[in-house]
Structure formats: C-alpha cells, structure tokens
Amino acid sequence: MADKFKSKQEQESLKYLEENFVGDNQDNDLNSIKKVDLSYLDDVPSNEYMVIPLDILPCGLFYKPGTKISIRSAKVQEVQAYSVVDDNNYLDITEKMNGILSSCIKYIYPNGTKGSYKDVRDGDRLFLIFMIRELTFPGGKNLSKDVTCENCGHEFKMELRATSSNKVQKSFVNIEMSPKLEKFFDSRERVFVFNIDGVDYKMAPPTIGIQEIFFGDIKTKIQTDKSPNVAFLKLASFLLHDRIKITEDGIKAKEQEFKNLSMKTFQVLNHAVGLMLFGIKEMKCDCPSCGLEVRTDMSFPSGASNIFVIPDAIDEYFG
Ligand SMILES: [Zn+2]
C-alpha cells in the first residue's frame, strides 16, 4: 500500500517502529521484533501488525513455543471508546482494556490457527496495553510519575514505559517466578504441575477469556444479590489455564469439584495461586542527576483513562 493512503498517525507509528523496534539499538528490548505478513488473516495491511517477542511479557513463559502475538496501534475510534472508562471501577477498566486488546491484537497458535485476545494471559493485559499505547503515540506523549531519588534527593518524573524508545528507557519490571514454584514448572507444557496424592493438578495464569466469563459471573451474582464464590473463581481460573471459555453448567460442575477437594489439595493449590502473581512488579530508571537506580511501585498517576486520553492535549499537540 502506498504511503499516501495511510493517515499521518499511521505513517508516524510506522516510522517509529522502523526506528525503534527494527533498529539495531543494543539497549532496545524489542530489537528482535520483525515485520511479518499476516495479511492472509484478513484485509488489514500486513505491515500494520508487529509480532512481539514473548519473553518480554510478564506471562511470556506460559505461551507454548510457536505462539505468535502481534499488536498494532489503536485507531481513533478505539481510543474514543476507551476514553469513557470509569477510573473508579476495576471491572470497567478491565472491560475497556479488553476492548482495545480485541482490536489491536492478533494471536496465532503454534499450529497456525487463529486465536484472539481471549487467549492472552490476564497478567499480560496491562503490559500489552502500554505497548499499544507506545505504538499509538510514537512521539511518546508523557505519562509519568513523580519520584525522588533516595541517593541524591533529586525530584524527577519517571515515565511509564513497557518498551524503550530512542528518548526514553523502558521502566517496567516484571514479577519473577517465586523460587518455591520453580521445581513445579513443566517447561514443555508451560504449566505448573502439582502431584497431590497421585492426582496431577495443572495450573498457569488464566486467560483473558476465562477471566471475562468469571467477571461476568461475579457481576450477575452481585446484581441479583447473590454472593459470588470468589475463592472458587480465583482457583478455578488458574486450573482452567488452557481454556478461553466455559459454559454455566461447566462452572457449576467445577464448583462442585472445588467443594469436594481434600483439605490438603485445597491448601496446596490455594498457596500456589497466591504465588502466581505474574504481572508488572514495579518501575525503575536511572536518576538523571546522580545515575543511581531509582525504583517505585507501578501505579497510574491520574487514573487508567489517561493511558489513552492525553490530559494536556492542547499543550501536547500545539505546545
Ligand atoms: Zn540521584
């Protein structure tokens, strides 16, 4: 497709990708990204989607070898849909983020068949949202947090970044696997296997698909004044690691199994789930004044809406 048919924003983000993602900058964690032709999937221009290296994702370990996840920048209609997110409502934030992922992600199973954002691990949602943000605003529209260097007292702004650009270093630090879990990890199947009294229980961080169904279940129960079985839903989502959907009857059957677990099995699995906190752990960067590393917790300075809504848009675009 000729460049003149692309919007200015698309051209900018392609330029950004070429400069930062396909370049040979040694510091760039994304330099292994390559453009691939996914045009056989539908009529989207093939160069719009970028395959990402899975090992940069917090749950990268849990995708079977050969899995391909590609992302593209968000279009203005998608940003518009996201912009009405209720910053105080966790379920709404999750829904709106999933909305962005559903349009901006392509998922391919190792056997070449097409999946969707529902196959993405729940713990990767925020990281991918930021990667998409960084493609959408190649100029690096500022989203940062005020921090103070403990060493020299310098106050500065740390940018929230999943990837490095030529101007800003990536700041996200992923949670590492708990040493307690390591010996249970099956690196071929990409799951944790717990053999309890002769029965194998396989667990991994849940998919977005299962999480969406369980959130739906929680919502319906709350609306009808029933209390959702949160202990069950939490554990079940990890046991259903290889699923992206389940029927209502399926949930009921699983809940019955859950109630019949032995004390030992429940305690072990529940402890294991408590250790499977894969996601963004914190942020770090070097102090611009003394050069020592500064770390801070991962939080949104002004709510989840600002990930795609630029607060000082007038200054940012005209300033
Ligand atoms: Zn300092």
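Refer to the structure above for everything that follows.
Residues numbered from 1 in each chain as written. Predicted model: local features only at pLDDT ≥ 70, side-chain atom pairs only at ≥ 80, totals over all residues. Heavy atoms only, no water.

J.: I'm lost on the coordination of the zinc ion in this one. Help?
T.: In ideal tetrahedral geometry, four donors around a metal make angles of 109.5 degrees, whereas ideal octahedral geometry with six donors gives angles of 90 or 180 degrees. Coordination of the zinc ion by the protein comes from C149 (SG), C152 (SG), C287 (SG) and C290 (SG), over a distance range of 2.3 Å. Geometry at the zinc ion is tetrahedral, judged from its 4 donor atoms and the angles of 106 to 114 degrees they form at the metal. In the primary structure, the donors to the zinc ion are separated according to the pattern C-x2-C-x134-C-x2-C. A relative accessible area of 37% places C152 in the partly exposed class. (Donors = N, O, S within 2.8 Å, 3.2 Å for Na, K, Ca; no water. Tetrahedral: all angles 85-135°; square planar, octahedral: opposite > 155°, others 65-115°. Buried < 20%, exposed > 50% of the residue type's maximum accessible area, 1.4 Å probe, protein only.)

J.: Just to check I follow, could you spell out the sheet that holds strand 7 (residues 185–186) for this structure?
T.: Each strand in a sheet pairs with its neighbour through backbone hydrogen bonds, running either in the same direction (parallel) or in the opposite one (antiparallel). Reading across from one edge, 7-8-9 is the order of the 3 strands in this open sheet, with antiparallel pairing throughout. Here the strands that pair on one side only, and so sit at the sheet edges, are strand 7 and strand 9 (199–203). Pairing geometry for strand 7 and strand 8 (residues 191–196), over 2 bridges, is antiparallel. By the bridge assignment for strand 8, D186 is matched with V191. Those strands touched by helix 9 (residues 263–275) are strand 8 and strand 9, and its axis lies near 160 degrees from that of strand 8. (Pairing = 2+ DSSP bridges. Helix = DSSP H or I, 4+ residues; strand = E, 2+ residues; numbered from the N terminus. Contact = heavy atoms within 4.5 Å. Axes fitted to C-alpha atoms, helices over the stretch in contact; angles between N-to-C directions.)

J.: Looking at this structure, I do not really get the sheet that holds strand 10 (residues 280–286). What am I missing?
T.: Across the sheet, 3 strands lie side by side as 6-10-11; this open sheet has antiparallel pairing. Here the strands that pair on one side only, and so sit at the sheet edges, are strand 6 (172–174) and strand 11 (293–297). Direction aside, the axes of adjacent strands within the sheet are offset by 35 degrees on average. Relative to strand 11, strand 10 runs antiparallel, the two being bridged by 5 bridges. Paired with E282 across the strands is D297, a residue of strand 11.

J.: Even after reading the chapter, I still don't get the packing of helix 3 (residues 90–104) against helix 6 (residues 208–223), so can you show me in this structure?
T.: Helix packing for two helices is described by the angle between their axes and how far apart those axes are. Two elements in contact, helix 3 and helix 6, have axes separated by 12 Å at closest approach and are oriented at 145 degrees. Crossing hand, helix 3 versus helix 6: left-handed. Across the interface between the two elements, Y90, L91, T94, E95, N98 and L101 of helix 3 pack against I208, E212, F215 and K219 of helix 6. Looking at the contact of helix 3 with helix 6, its residues break down into 5 nonpolar, 2 polar and 3 charged. (Left-handed = near helix turned anticlockwise from the far one by under 90°. Nonpolar A, V, L, I, M, F, W, Y, C, P; charged D, E, K, R; others polar.)

J.: What is the right way to read the pattern of salt bridges from this model?
T.: Any two side chains of opposite charge can pair if their charged atoms end up close together. One pass over the full model with this rule turns up 18 salt bridges. Ionic pairing is found between R72 and E78, a salt bridge with its closest N-O pair at 3.0 Å. E78 shares its class with R72; the two are buried. For D217, the salt bridge goes to K221, with nearest N and O atoms at 3.2 Å. You can see D217 and its partner K221 sitting in helix 6, 4 residues apart, about one turn around the helix. Classification of D217 by relative accessible area gives buried; the value is 15%. Each of K281, E282, K284, E293 and R295 takes part in a single network of salt bridges with overlapping partners. (Salt bridge = Lys/Arg side-chain N within 4 Å of Asp/Glu carboxyl O.)

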